[in-house]
Amino acid sequence: MDNWLILLIFIVASVASASTGALFPPGQWYKTLDKPSWTPPDWLFAPAWTLFYALLAYAGYTFATSAQGGEWLFPLVIFGLHLIFNGAWSALFFGIKRIDLALVDAILMFLTLILTIILFMPVSSLAGWLLVPYLFWVGFASALNYSMLRRNGSAPKPA
């Protein structure tokens, strides 16, 4: 398969995962949440996530173009599962306003990302290392999610 087509596949997969952020924006409900003092400013999220989705796409591409034979299948299934958890988070947190379910999803994101890095490293250390900054972000975001759960409870308050 042509390398440009492989790159396009990973870009489309990352954009598809990212699109849930546009479908389920933070909105007024998020503004009313009690957040810890270490919550990043709202303007930081868009550039940070743009960078992380670019890293995800390039890491997937780098791995896929480095893999030989069938060694690509299981790692890319885990990578795809991670993208699904990633995309689900916005729907859970902002869409149905379930901070508890979003936290479970964030933990699953973190675990599938660790597994993806472990599986990518032997085939392409570059692909694995490209995901490490994102791993720190997912860990930080999970801690932030947990803090908001502790401060606000699991579900939206009735109007």
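Scroll up a little and you will see the structure.
All values reported here derive from a predicted model rather than from experimental measurement.

A.B. asks: Report on the overall build of the protein, specifying residues and quantitative values.
C.D. replies: From N to C terminus, the protein includes 7 helices and 0 strands. Its C-alpha radius of gyration of 16 Å places the protein within 12% of the 15 Å reference for a compact globule of 159 residues. Along the three orthogonal principal directions, the C-alpha set of the protein runs to about 55 × 25 × 25 Å. Across the 159 residues in the protein, those meeting the buried criterion constitute 40%. Of all intrachain contacts in the protein linking residues separated by at least 6 positions in sequence, the fraction that spans at least 24 positions is 79%.

A.B. asks: Residues and numbers for a nonpolar patch on the surface, please.
C.D. replies: On the surface, Leu5, Leu8, Ile9, Ile11, Val12 and Val15 cluster together to form a nonpolar patch covering roughly 500 Å² of accessible area. With respect to the element layout, Ile11 can be found in helix α1 (residues 3–23).

A.B. asks: Now, about the packing of α1 against helix α4 (residues 73–95): what can you tell me, with residues and values included?
C.D. replies: Direction vectors running N to C along α1 and α4 enclose 25°, while the axes themselves pass 6 Å from each other. When the axes of α1 and α4 are compared, the pair comes out roughly parallel. In terms of crossing hand, the pair formed by α1 and α4 is right-handed. Of α4, the residues touching α1 (which contributes Phe10, Ala13, Ser17, Thr20 and Gly21) are Leu76, Phe79, Leu83, Asn86, Gly87 and Ser90. For the contact of α1 with α4, the residue count by class is 5 nonpolar, 6 polar and no charged.

A.B. asks: So what about the environment of Pro41? Which residues, and what values?
C.D. replies: Within the secondary structure, Pro41 is located in the loop between α2 (27–32) and α3 (42–66). With a relative accessible area of 39%, Pro41 lands in the partly exposed category. As a C-alpha pair, Pro41 and Ala16 span 25 residues in sequence and 25 Å in three-dimensional space.

Scoring rules and cut-offs
Residues numbered from 1 in each chain as written. Predicted model: local features only at pLDDT ≥ 70, side-chain atom pairs only at ≥ 80, totals over all residues. Heavy atoms only, no water. Helix = DSSP H or I, 4+ residues; strand = E, 2+ residues; numbered from the N terminus. Rg over C-alpha atoms; globule rule 2.2 N^0.38 Å. Buried < 20%, exposed > 50% of the residue type's maximum accessible area, 1.4 Å probe, protein only. Contact = heavy atoms within 4.5 Å. Patch = residues over 30% accessible without salt bridge, like charges linked within 9 Å, V, L, I, M, F, W, Y side chains within 5 Å. Areas by Shrake-Rupley, 256 points an atom, 1.4 Å probe, with all protein chains shown as cover. Salt bridge = Lys/Arg side-chain N within 4 Å of Asp/Glu carboxyl O. Axes fitted to C-alpha atoms, helices over the stretch in contact; angles between N-to-C directions. Parallel < 35°, antiparallel > 145°, perpendicular 65-115°, else oblique. Left-handed = near helix turned anticlockwise from the far one by under 90°. Nonpolar A, V, L, I, M, F, W, Y, C, P; charged D, E, K, R; others polar.

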